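# Examining the three-dimensional arrangement
Here is how the chains run, residue by residue.
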Amino acid sequence: MTPPPRWFRLLLRLYPKAHREDYGDEILEAAEHQRRQRGIGPMGTVRAVWDIAGGAPGVWIDTMRRGGGMGTTRGWGLDARFVLRSLWGSRGYVATAVVVLACAVAANASVFSYVRGTLLPDVPYSNPDEVLLVWGSNVTEGQLRDVVSGPNFLDLRERSTTLSSVAALHSDAAYLMVDGRPVVLDAQEVSVEFFDVLGVDAHRGRLFEEEDRMSGNGAPVVITHAFWHDHLGGREDVVGLPLDFETDPRTIIGVLPPDFEFIAPAPLFLPAHDDQLAAYARSNIHWNIVARLAPSASLEAANRELAEIMTEISREWAMYEGWTFFAEPLHDITVAAVRPVILALTGTVLLVLLVALVNLATLFRVRAFARGPELGVRSALGAGTASLTRVLLMETVGIAVVGATLGLVATPFILDRVAALVPAWVAIPDSAARVPILSAQLDPAVALTSIGIAVIGSILLSWPTLRSALSGTSLGVRRGGHEGIRGTRLLVGVEVAAATALCIGAGLMLRSTHQLLTTDVGIEAEGLLTMMVGDVWGLDAEGRTAYFEEVVARVEQLPGVESAGMMGYVDFQAEDDYARVYFLDRELQPVRDIREEWRRVDAGLFASVGMRIASGRTFDPDDFQGTPRSAIVNQAFATKHYPDGDAVGQLVSTHNARYRDLRIIGVSVDVRTRGPASVAPPMLYVPLQGDPRGTQGLHVRVQGEPMAFAESVRDAVWSVDPSQPIHWVSPMTQWVSMWVAVPRTARALVSSLAGLAGVLATIGIFGVVAYTVRTRRKEFGVRLALGASPRRLERDQLHAIGPIIVLGLAAGTVIGIAGASAARALLHQVEPTDPLTLGVALTVMGAASLCASLLPARRAGRIDPVEVIHR
Amino acid sequence: MHSAYIKFSNQGALMAPLKPAQQLILLLLAEEPTYGVALLERIDERSGGELRLNAGSLYRMLAALVEDGFVEAIEAPRREGAGAPRKSYGATPVGKRALLAESRRQEAILDAVRALGLSEPGS
């Protein structure tokens, strides 16, 4: 018979050596025989591989089970008891290894659960990669991601061929009457295609369809599953149920599936009819656009087409000159907002894991050395290789499982702490939009992976010990102990490098967040209570003004309230309000125009929020009489449009007929309305009484904790008109903190992890020096007996470990700076090479390493030569 | 009936009941010593194709049976022109006793089942 292919023989390597020697040739012969009977094709070869290798796992199990020549169960039981006794005898070692593993697993499981659960949640739409957000964009005006007007949306929907469906949506508030008081609920007004774009089907009833395209066909509302359960008790007859809205009753037509989520979560969805969308002015932009890419189209093709559509629109409507449409995947946007954190956290946690694993490797080496004689005795008494392997494996896996379990038990507590740090929202960069941050729970996949990493990592790290045991002699272990010193010192270098890099990262984050939190945002956020008040769009301008003046007057009478003021929005809420601003010459003729943000404010606003005037004057009571004639601009506006510094006294008009020929009376300091790291947008402030919005942001300056006044302020507002809604009651500090949520979370997590890595590294260095001293006790004893001074021995130890620590510090500095440069987006006004941070981090790590080496090194000098030589 | 599954002693060794494949191998080797490739063919033939072992698994079982002392390896005399000496395997006296004990154990179960009055379908 022709011999089987030579590489078949390699498969025999999968078997234990003894089995291979006894039966290898015969296995090959039998497999070849079977192969020839079945036919020598590719399939025959695959089967032959299985024929040869298929028995290997079973043979290994048999070998283990028969280890030491004992019967099956008894062998395992005896070994397990031996392992328990031996571990109990070295409780310090076990506790250290378990704690190190628990820390590593808890850090990993928390960070990756957080990343998976909150930053990268599964999107409950079909083919989520095809779902795009479409923005209006004008780079020269600094509008990178802007909303779109109703008519522009209709044009876009009609002309686009690369988008299979396009929908408009707009966040709104719905006022539901409960016991005669309006309860404000978030609602989304959406065009009929919205649920089609997301590929969502109704859980009950139906979603918006063709019949809802035009108004006049009833007043339907779609509700979320959570609203159905929490507010309607999950009642079966939900479809067709009326909802008592403040303005008009609506009928529930459908319930969304339980897992439905969108970046702008709301319990209610109302239809935005085509005729209503068409009725909006071309210049009135406030619709977000969500679209689905056609199956055959690419994102690039869609963007080319979108740009062409906007060019066509701008030919007809000159106000859109310089504008374009662009689309980007929804998922990319939400991830972009948090990508720097993901990067920083992933890098950090991997470094912590590295430090922990290196610590474990050191511990296992120390253990191997300590157990050398004992394993030798067991081997001499007849314990087989398999039995020794089994004992060592049981020990390692036992420690790994206990450590990992402890780590996983701690994870939910850590996630709770993280959740407490993070506000409910983070803002999307360069846009007036925000993303909800979901609360994270321990992810089962992450938990399983963590246990897997712990067990496999531990087995791999204890491999040198296992190998020594497998070789069957205690000499191997002894030799390994001595040879291992050099390798172990190298591990110290790795540990110091990782911990130093983390220290630098944490230091930079601390500095950066400190800068962010102490940045002047332009107002005094402390002691300021804010809320959105009223729904008086139905009244004329005078009626609205009178209502809001009365509200402010009543609120200011409350004890503890210093002042109150109204503005169309509350800054920092990620809302914006734009005006077309015309710059006038002396003859009041417009010379140019531009779109800028504006705010309609009342007499008390500037004082209430603590906004300062840089030049000129603030509004006085006369400015709030009759038709508005004055305006204040901020420094950004003044610098942009009046670079010569002569803003005060200039004349501007707006698109709104009630705000014409306004004289600029003062320049206010900039308010960074999109957070401390943002650049303040140019802003025009005008008196509110010309044309106030129907809903206003009420700002109340109080003495003490703002939320303690929430109830009394609410009552004062309702004392004017109990039917008026109040919502988003919140201290101003909370709105501001929304913008620093990401760096704050990153700071907290990176600092904790860096602290953990520092402690682990210090323990590691201590362990290695202690181990070195222990392995060389005899040598030190002899040297002391021959007259060496204890100080000399200590110095030798420090000399041996010192260069490694210095190398570690240097490598760590390089890694830290490189990592910080990669996550530069998280750093605010701090360079990755910030000398102060580098200096502090290196001093801390250097000092910790020195202390950790010094303590065990002193033991070398205290060895009793007589005792050691005698032993 | 349950007692039939309790481990029983044979020559002082603690044993579990033989697995069906082990029992068949032991039976075939008790009938006639044979070498590996031929044993594979006989297993296939006697089980009516029901039991198909791969080579690796066959030698795992043979090794276990040898370890238990139920089977012994017999070095066959080297034939002229042939390659490595071929080993054949035969059941030892202990193996034959274990086979008998296992068969009795199964017989006891069969008796207990018959006592329930169960019969083959159609009989």
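Reading the values: rules and limits
Residues numbered from 1 in each chain as written. Chains lettered and ligands numbered in written order. Predicted model: local features only at pLDDT ≥ 70, side-chain atom pairs only at ≥ 80, totals over all residues. Helix = DSSP H or I, 4+ residues; strand = E, 2+ residues; numbered from the N terminus. Buried ≥ 20, exposed ≤ 12 C-beta atoms within 10 Å, placed from the backbone. Contact = placed C-beta atoms within 7 Å. Nonpolar A, V, L, I, M, F, W, Y, C, P; charged D, E, K, R; others polar. Expected span 1.5 Å × (residues − 1). Core = buried A, V, L, I, M, F, W, Y, C linked by C-beta atoms within 7 Å. Axes fitted to C-alpha atoms, helices over the stretch in contact; angles between N-to-C directions. Parallel < 35°, antiparallel > 145°, perpendicular 65-115°, else oblique. Left-handed = near helix turned anticlockwise from the far one by under 90°. Pairing = 2+ DSSP bridges. Arc of directions from axis to C-beta. pLDDT = per-residue confidence, 0-100.

So, on to the overall build of chain A. Helix and strand counts for chain A stand at 26 helices and 25 strands. By the burial criterion, 46% of the 871 residues in chain A qualify as buried. Of the contacts made within chain A by residues no fewer than 6 positions apart, 82% connect residues no fewer than 24 positions apart.

On to the overall build of chain B. Helices and strands together make up the secondary structure of chain B, namely 4 helices and 5 strands. From first element to last, N terminus to C terminus, chain B shows the α and β order β-β-α-β-α-α-β-β-α. The proportion of buried residues among the 123 residues of chain B is 22%. Restricting to contacts in chain B with at least 6 residues of sequence separation, those with at least 24 account for 51%.

It is worth spelling out the interface of chain B and chain A at this point. On the side of chain A, 23 residues touch chain B, which itself brings 16 residues to the contact. Looking at the side of chain B that touches chain A, the elements that each hand over two or more residues are α2 (36-46) and α3 (55-68) of chain B. Per-element accounting of the side of chain B that touches chain A gives the leading share, 9 residues, to α3(B). Residue composition of the side of chain B that touches chain A, by class: 9 nonpolar, 4 polar and 3 charged.

Take unusual backbone geometry next. Where the residue is not glycine, phi is negative for most of them; where a peptide bond is considered, it is trans in most cases. The backbone of Leu588(A) shows a phi angle near 65°, a positive value even though the residue is not glycine. Among the secondary structure elements, Leu588(A) is positioned in the loop between β17 (578-584) and β18 (590-601).

On to helix α4 (residues 93-115) of chain B, then. Residues and elements named next belong to chain B. With 23 residues, α4 extends 33 Å between its outermost C-alpha atoms, agreeing within 8% with the 33 Å of an ideal straight helix rising 1.5 Å per residue. Those residues of α4 not exposed but buried are Gly95, Ala98, Leu99 and Glu102. Just past α4, the residue glycine 117 takes up positive phi, approximately 85°.

Turning our eyes to something else, we now look at the nonpolar core. Most often, soluble globular proteins have nonpolar side chains that are buried together. All names here are of chain A. Judged by nonpolar contacts, the single largest core of 92 residues is most densely connected at Leu101, Val352, Val355, Ala356 and Ala757. Per element, the largest residue contribution to this core is 18 residues, and it comes from helix α12 (residues 330-380). Residue contacts for valine 355: discarding those within four places in its chain leaves Glu495, Ala498, Ala499, Ala757, Leu760 and Ala761. Membership of the second largest hydrophobic core comes to 66 residues, among which are Ala525, Val536, Val601 and Val609.

All right, on to the packing of helix α1 (residues 20-31) of chain B against α4(B) then. Residue and element names in this part refer to chain B. At their nearest, the axes of α1 and α4 sit 10 Å apart, and the two run at 130° to each other. Our classification of the angle between α1 and α4 gives oblique. Considering only the axes of α1 and α4, their crossing is left-handed. Contacts from Gln23, Leu26, Leu27 and Ala30 of α1 reach α4 at Gly95, Lys96, Leu99 and Glu102.

Once that is clear, we can look at the environment of Ser751(A). You can see Ser751(A) is positioned in helix α22 (residues 741-775). Each C-alpha atom of the pair Ser751(A) and Ala506(A) lies 4.8 Å from the other, and the pair is 245 residues apart in sequence.

Residue and element names in this part refer to chain A. Where β17 lies against strand β21 (residues 651-654), 3 bridges are found, and the strand directions are antiparallel. Paired with tyrosine 582 across the bridge in β21 is serine 653. Direction of pairing for β21 relative to strand β22 (residues 662-668): antiparallel, over a ladder of 2 bridges. Counterpart to leucine 651 in the pairing with β22 is arginine 663.

With that settled, consider the sheet that holds strand β4 (residues 71-75) of chain B. Sheet strands pair by backbone hydrogen bonding; their relative direction is either parallel or antiparallel. All names here are of chain B. Here 3 strands make up an open sheet; going across it, the order is β3-β5-β4 and the pairing antiparallel. What marks the edges here is a single partner per strand, and that holds for β3 (34-35) and β4. Inspection of the sheet shows β3 paired to strand β5 (residues 87-91) by 2 bridges, in the antiparallel sense. If you follow tyrosine 35 over to β5, its bridge partner there is serine 88. Its contacts with the sheet put α1 on β3, β4 and β5, and the angle it makes with β5 is roughly 100°.

On a regular strand, one side chain projects to one face of the sheet and the next to the other, so that they alternate. All names here are of chain A. Burial analysis of strand β11 (residues 285-293) places 8 of its 9 residues in the buried class, which makes it a mostly covered element. Examined bridge by bridge, strand β1 (residues 131-138) and β11 share 4 bridges and lie antiparallel to one another. The residue bridging leucine 132 from the neighbouring strand is alanine 291, located in β11. As paired strands, strand β4 (residues 163-178) and β11 are joined by 6 bridges and run antiparallel to one another. Within the sheet, the bridge partner assigned to leucine 163 lies in β11 and is leucine 293.

Below, the discussion takes up helix α7 (residues 150-159) of chain A. Within α7(A), the full set of buried residues consists of Gly150(A), Asn152(A), Phe153(A), Leu156(A) and Arg157(A). Seen from one end, α7(A) has its buried residues packed into an arc of 160°, which puts them on one side.

All names here are of chain A. Following the sequence through the fold, leucine 662 ends up in strand β22. We classify leucine 662 as buried; it has 24 C-beta atoms within 10 Å. Separated by 13 residues in the primary sequence, leucine 662 and glycine 649 have C-alpha atoms spaced 9.5 Å apart.

Now for the confidence of the model for chain B. Residue and element names in this part refer to chain B. In this model, chain B carries a mean pLDDT of 77, and residues with pLDDT of at least 70 account for 75%. No element of chain B has a lower mean pLDDT than strand β1 (residues 8-10), at 38, and none a higher one than α1, at 91. Under a pLDDT of 50 for its full length, residues 1-14 has, in the predicted model, 18 contacts with residues more than four places off or in other chains.

Residues and elements named next belong to chain A. Overall, the prediction assigns chain A a mean pLDDT of 83, with 89% of residues at 70 or greater. Note that residues 68-72 has pLDDT below 50 and, in this model, 10 contacts with residues that lie over four places away or in other chains. For residues 472-481, every residue scores under 50 in pLDDT, and the model assigns this stretch 24 contacts once sequence neighbours within four places are set aside.

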